[in-house]
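Coordinates in review
Now for the letters of each chain:
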Amino acid sequence: RGYISDFDRFCARGLDRNIHANGFEGFSKPKMIAVALYFSTVNPFVEELFWRVFLHKQVEIDPDTTGGDSVDRERKVLDHPQVPTVSEAWRWLISAMYASYHYVVVRTLLFNVGGVPLWPMLGFLGLTFLGRFYVWLREQPDSWGLWSVIVSHALVDAGVCVIALGPAFEIF
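Reference entry: report on the structure contained in this document. No experiment lies behind these values; they were computed from the predicted model shown. (Residues numbered from 1 in each chain as written. Predicted model: local features only at pLDDT ≥ 70, side-chain atom pairs only at ≥ 80, totals over all residues. Heavy atoms only, no water.)

1. Overview of the overall build of the chain
- Tallying secondary structure elements over the chain gives seven helices and zero strands in all.
- Secondary structure elements of the chain, listed N to C terminal, follow the sequence α-α-α-α-α-α-α.
- Looking at the chain as a whole, 37% of its 172 residues are labelled buried.
- Restricting the contact set of the chain to residue pairs at least 6 apart, pairs at least 24 apart contribute 71%.
- Carbon together with sulfur atoms contributes 68% to the accessible area of the chain, which is approximately 10500 Å² in total. (Helix = DSSP H or I, 4+ residues; strand = E, 2+ residues; numbered from the N terminus. Buried < 20%, exposed > 50% of the residue type's maximum accessible area, 1.4 Å probe, protein only. Contact = heavy atoms within 4.5 Å. Areas by Shrake-Rupley, 256 points an atom, 1.4 Å probe, with all protein chains shown as cover.)

Written out as structure tokens, the structure reads:
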């Protein structure tokens, strides 16, 4: 019996319990679909403008001052003029803030191991690296750019919505 309940945590049915335990009990299916559509279309656009454009513009290094390192100054000259020059420390810090912003969702969907939020912590690390990868994509305006990040974010959010709502719609 213990094996089945532990195994169930890895299945989508276990996600359904976590979602209901965190206050999402009683949502109608149309409301669930509306929330999933919002989080798969509007939310990625707004988030990426905030995390990859607005915050980066706030901490941008002025290439004409001595505050920026030489690599960043050279990069600004070589790169697209609309891509802000941001230090590597800021790139990682903003990526970690992006992950912390999503921690509540990760914590809701995943579970503790022996009372320790192991999976949510690993999710936080994974989202930090994903955020940093999105920064890299954003900084490649001629090949990838902001739109590729928005589309990728939308696909990830859609996948999370399908997994989270699958049990309610009896997909799994």
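Read on for the rest.
2. With respect to the environment of Ala 99
- Structurally, Ala 99 can be placed in helix α5 (residues 88-109).
- Taking C-alpha positions, Ala 99 is 5.4 Å from Phe 124, a pair spaced 25 residues apart along the chain.
- Setting aside its immediate chain neighbours within four residues, Ala 99 contacts Phe 124, Leu 127 and Thr 128.

3. Some details on the side chain of Glu 47
- Looking at the secondary structure, you find Glu 47 in helix α3 (residues 29-58).
- No salt bridge is formed by the buried Glu 47, whose closest oppositely charged neighbour, Arg 52, lies at an N-O distance of 6.1 Å.
- Of note is the side chain of Glu 47, whose polar atom sits 2.8 Å from the side chain of Asn 43. (Lys, Arg positive; Asp, Glu negative; His and termini not counted. Salt bridge = Lys/Arg side-chain N within 4 Å of Asp/Glu carboxyl O. Polar contact = N/O pair within 3.5 Å; in protein donor to acceptor, adjacent residues only side chain to side chain.)

4. Let's talk about the packing of α3 against helix α7 (residues 145-165)
- For the pair α3 and α7, interaxial distance at closest approach is 8 Å and the crossing angle is 145°. Crossing of α3 over α7 shows right-handed handedness. Along the contact surface, α3 presents Met 32, Ala 36, Phe 39, Ser 40, Asn 43, Pro 44, Phe 45, Glu 47, Glu 48, Leu 49, Arg 52 and Val 53, while α7 presents Leu 146, Trp 147, Val 149, Ile 150, His 153, Ala 154, Asp 157, Ala 158, Cys 161 and Leu 165.
- Classifying every residue of the contact of α3 with α7 by side-chain character gives 15 nonpolar, three polar and four charged. (Axes fitted to C-alpha atoms, helices over the stretch in contact; angles between N-to-C directions. Left-handed = near helix turned anticlockwise from the far one by under 90°. Nonpolar A, V, L, I, M, F, W, Y, C, P; charged D, E, K, R; others polar.)

5. Comments concerning the nonpolar core
- Ranked by size, the top nonpolar core spans 12 residues in total: Trp 51, Leu 55, Val 59, Val 86, Ile 94, Tyr 98, Ala 99, Val 106, Leu 127, Tyr 134, Leu 137 and Val 149.
- Looking at this core, the elements with two or more residues in it are α3, α5 and α6 (118-138).
- The element that contributes the greatest number of residues to this core is α5, accounting for four residues. (Core = buried A, V, L, I, M, F, W, Y, C linked by side-chain atoms within 4.5 Å.)

6. Quick word on the pattern of salt bridges
- If you walk through the whole model with that rule in mind, you get four salt bridges.
- The salt bridge partner of Glu 48 is Arg 52, with a shortest N-O separation of 2.6 Å. Pair noted here: Glu 48 and Arg 52 are both in helix α3, with a separation of four residues, about one helical turn. With respect to class, Glu 48 is no different from Arg 52; both count as buried.

7. Here's the deal with a nonpolar patch on the surface
- Residues Val 35, Tyr 38, Phe 39, Val 42, Phe 45, Val 46, Leu 49 and Trp 147 make up a contiguous nonpolar surface patch of roughly 710 Å² in combined accessible area.
- In terms of residue count, α3 provides more of the nonpolar patch than any other element does, seven residues in total.
- On the secondary structure map, Phe 45 appears in helix α3.
- Look at Phe 45 and you get partly exposed, because its relative accessible area is 35%. (Patch = residues over 30% accessible without salt bridge, like charges linked within 9 Å, V, L, I, M, F, W, Y side chains within 5 Å.)

8. What to know about α5
- Here α5 spans 31 Å end to end across 22 residues, near enough to the 32 Å set by a 1.5 Å rise per residue.
- Maximum bend of α5: about 45°, positioned at His 102.
- Along α5, the residues classified as buried are Arg 91, Ile 94, Ser 95, Tyr 98, Ala 99, His 102, Val 106, Thr 108 and Leu 109. (Expected span 1.5 Å × (residues − 1). Bend = angle between axes of the 7 residues up to and from the residue.)

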